[in-house]
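Inside the fold
Spelled out, the chains give:
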Amino acid sequence: MTPTAPRLTLTLTLATILILTTTPAQADDNPSVPPGTEPTATAPVNVDANDPDLKLPEGATLAESKVLDIKLVVEDQSGDERREDTNADVKFALQAEVLFGKDSAKLSAEARARISTIAEEIKTQNSTRIRVFGFTDNLGSSAHGDVLSRQRANAVQAVLDQELNDSNITFEVRGYGEQYPISSNATEAGRKKNRRVEVSFPRTEN
């Protein structure tokens, strides 16, 4: 991502949970659900404001207010790279085309430069727990997508490990194949977004 590239910023709310494993890191053959993709209510619940059951009993008080994480999403104009920041963590999503050749898990020279930039941010945040998740579109067999996404996640993790060179860092590396798309697989533009590797890590605690 270049400093002069126009950016699109969206603000959302999100609660995040981080669960990491120990090195050596290799993608899990049976990955669990990625954090942040758990199902939520599909429609708001209708509430009758006059319902007496909604009134606080005499002497009762409301619980202490809670502030949810604010998510800041910045994507470069090409859509090749996206960064998400919350109060709890940072996540980079890189499209497969800027990292690998077609149907390949071999990293390009440009890919290594982009991963090095992510490694610098990890150092800035002093993070010691890092997730690397691979995803594909739904073209080809599901089994092939699972293997390819796992290989790509492992390739990115290997470069991060070299760049960081820190034995205190632990990685969680997984390949999810065509699961958890972030766009429609009905169009090539959507499939391109789904072919990605995500790197996430906690922010520095204040």
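We now turn to the structure provided with this report.

Cut-off values and rules
Residues numbered from 1 in each chain as written. Predicted model: local features only at pLDDT ≥ 70, side-chain atom pairs only at ≥ 80, totals over all residues. Heavy atoms only, no water. Salt bridge = Lys/Arg side-chain N within 4 Å of Asp/Glu carboxyl O. Helix = DSSP H or I, 4+ residues; strand = E, 2+ residues; numbered from the N terminus. Buried < 20%, exposed > 50% of the residue type's maximum accessible area, 1.4 Å probe, protein only. Phe/Tyr/Trp six-rings, centres within 6.5 Å; stacked < 30°, edge-to-face > 60°. Lys NZ or Arg CZ within 6 Å of the ring centre and 35° of its normal.

**Focus on the pattern of salt bridges**
Counted under the stated rule, the structure contains 16 salt bridges. For Glu-198, the salt bridge is made with Lys-91, and the minimal N-O distance between the two is 3.7 Å. One end of the pair, Glu-198, is in strand S7 (residues 196–202); the other, Lys-91, is in strand S4 (residues 89–95), and 107 residues separate them in sequence. We classify Glu-198 as buried; its relative accessible area is 8%. By relative accessible area, Lys-91 is classed as partly exposed at 21%. For Glu-172, the salt bridge identified is with Arg-131, shortest N-O distance 3.2 Å. Placement of Glu-172 in strand S6 (residues 170–175) and of Arg-131 in strand S5 (residues 129–135) is noted, with a sequence separation of 41 residues between them. Each of the two residues, Glu-172 as well as Arg-131, counts as buried. If you follow the salt bridges from partner to partner, you end up with Arg-82, Glu-84, Lys-91, Arg-196 and Glu-198 in one network.

**What about the packing of aromatic side chains?**
On inspection of all chains with the given rule, the structure shows four aromatic pairs. On the numbers, 5.3 Å between centres and 80° between planes, the contact of Phe-133 with Tyr-176 is edge-to-face. Residue Phe-133 is found in strand S5, and its partner Tyr-176 is found in the loop between S6 and helix H3 (188–194); the two are separated by 43 residues along the sequence. Of the two residues examined, Phe-133 and Tyr-176, each falls in the buried class. Centroid distance Tyr-176 to Tyr-180: 5.5 Å. Interplanar angle 80°. Geometry classified as edge-to-face. The exposure class assigned to Tyr-180 is partly exposed, which follows from its relative accessible area of 23%. It is Arg-196 that lies over the ring of Phe-135; its NZ or CZ is 3.8 Å from the centre.

Take it as geometry only, folks, not as evidence of what the structure does.
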